[in-house]
Amino acid sequence: MKVIRQEGKTIDEALNLALDKLQISKNEAEVKVLDEGSKGIFGIIGSKNAVVEVKPKVNPIKVGKEFLDEIFKKMPFEAEISVLEDKTNDEQVLYNISSKDLGIIIGHRGETLDAIQYLTSLIVNKSIESYYRVLIDADGYRDRRKGTLERLANKLARKALSTGRKVMLEPMPPHERRIIHMTLRGDERVNTYSEGKEPYRRVMIVAEEKTANKKDNN
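Only a predicted model underlies this, so the values are computations on that prediction, with no experimental measurement involved.

Conventions and cut-offs
Residues numbered from 1 in each chain as written. Predicted model: local features only at pLDDT ≥ 70, side-chain atom pairs only at ≥ 80, totals over all residues. Heavy atoms only, no water. Helix = DSSP H or I, 4+ residues; strand = E, 2+ residues; numbered from the N terminus. Buried < 20%, exposed > 50% of the residue type's maximum accessible area, 1.4 Å probe, protein only. Contact = heavy atoms within 4.5 Å. Areas by Shrake-Rupley, 256 points an atom, 1.4 Å probe, with all protein chains shown as cover. Lys, Arg positive; Asp, Glu negative; His and termini not counted. Charge placed at Lys NZ, Arg CZ, Asp CG, Glu CD. Expected span 1.5 Å × (residues − 1). Arc of directions from axis to C-beta. Polar contact = N/O pair within 3.5 Å; in protein donor to acceptor, adjacent residues only side chain to side chain. Pairing = 2+ DSSP bridges. Axes fitted to C-alpha atoms, helices over the stretch in contact; angles between N-to-C directions. pLDDT = per-residue confidence, 0-100.

(A) Region of interest: the overall build of the protein chain. When helices and strands are tallied, the protein chain shows six helices and nine strands. Seen along its three principal axes, the alpha-carbon backbone of the protein chain occupies a region of about 95 × 45 × 30 Å. Across the 218 residues that make up the protein chain, the buried fraction comes to 36%. Once local pairs closer than 6 in sequence are excluded, the contacts in the protein chain between residues at least 24 apart make up 55%. In the structure as shown, the protein chain presents an accessible area of about 14,300 Å², 50% of it carried by carbon and sulfur atoms. With 39 positive and 35 negative side-chain charges, the protein chain shows a separation of 6 Å between the mean positions of the two kinds.

Right under this line is the structure:
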């Protein structure tokens, strides 16, 4: 990131000179006054310029967008990255990827999309002090996948109830396991918990009366 150290007769003058060099507005800048300067005697003897240090504020949304744009420039297909403003706030950003090749971008059950989201989150949060949640969708894939998992959870819960046996799901990433847990949380007839170590951790569904001990469901 470019940092300007600028002198001026006054703080305002030094600041304006630095902003001109960076071509940004005051609202887009982080300013540190290194020396307030002094007029000296009669404004001549012992006068000293003010000194400021100015750098552009980090915009986490912009950082993520630039990173994604750079990734897809290197791909053998076209993709458009946009920020979904209605789901973006001071704590999180949701990017959407549009492309004719969404299957490649999403990958097997969202594995490639999850990897892109993870890398983008690392880049964004490396640039700021506080934590910023980064979400990436691909033309509504996340909602479609959520619906699929909710239907699967209900179907397998019925199976657990009808057979009286524990039902084991395939390994899933944490956010997908959470969907299964949340879907069945209100069903008092079954209990869910997770077993195994990442990336092979999976959800178990059991009929409540068959559950001896409730286990960690994270």
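(B) How the structure looks around helix α2 (residues 60-73). Its 14 residues place the ends of α2 20 Å apart at the C-alpha level, agreeing with the 20 Å of an ideal helix rising 1.5 Å per residue. When α2 is considered as a whole, its buried residues turn out to be P60, G64, L68, I71 and F72. For α2, the buried positions fall inside an angular range of 100 degrees around the axis, keeping them on one side. For α2, the exposed residues lying more than 90 degrees away from the buried face are K62 and K73. Of the surrounding secondary structure, the elements contacted by the buried residues of α2 are β4 (80-83), β5 (92-98), α3 (102-106), α4 (111-126) and β6 (133-137). At the N-terminal end of α2, a side-chain oxygen is found 3.0 Å from the backbone nitrogen of I61, two or three residues along, and the residue is N59.

(C) Expanded view of the pairing of strand β8 (residues 190-195). Here β8 lies mainly inside the structure; five of its six residues are buried. In terms of strand pairing, β8 meets strand β9 (residues 202-207) through six bridges, oriented antiparallel. Note on β9: the bridge partner recorded for N191 is V206. The turn linking β8 back onto β9 is made up of six residues, and G196 within it adopts a positive phi angle of 95 degrees.

(D) Here's a closer look at the sheet that holds β8. What the three strands build is an open sheet, ordered β7-β9-β8; its pairing is antiparallel. Each of the sheet's edge strands pairs with one partner strand only, and the pair in question is β7 (167-168) and β8. Seen against the sheet, helix α5 (residues 141-163) touches β7, β8 and β9 and runs at an angle of roughly 45 degrees to β9. Against the sheet, helix α6 (residues 174-184) touches β8 and β9, its axis set at about 165 degrees to β8.

(E) Geometry of helix α1 (residues 11-22). Compared with the 16 Å implied by 1.5 Å per residue over twelve residues, the 16 Å span of α1 between its first and last C-alpha is a close match. All of the buried residues in α1 are A14, L15, A18, L19 and L22. When α1 is viewed along its axis, its buried side chains cluster within an angular range of 135 degrees and face the same direction. With respect to the buried face of α1, the exposed residues turned more than 90 degrees away are D12 and D20. In the core, the buried residues of α1 are packed alongside β1 (4-8), β2 (29-35) and β3 (50-56). In the stretch just after α1, Q23 is the one whose phi turns positive, near 60 degrees.

(F) Quick look at the confidence of the model for the protein chain. Of the residues in the protein chain, 92% have a pLDDT of 70 or more, and the chain-wide mean is 89. When the criterion is pLDDT under 50, residues 210-215 qualifies, and its contacts beyond four places in sequence or with other chains add up to seven contacts.

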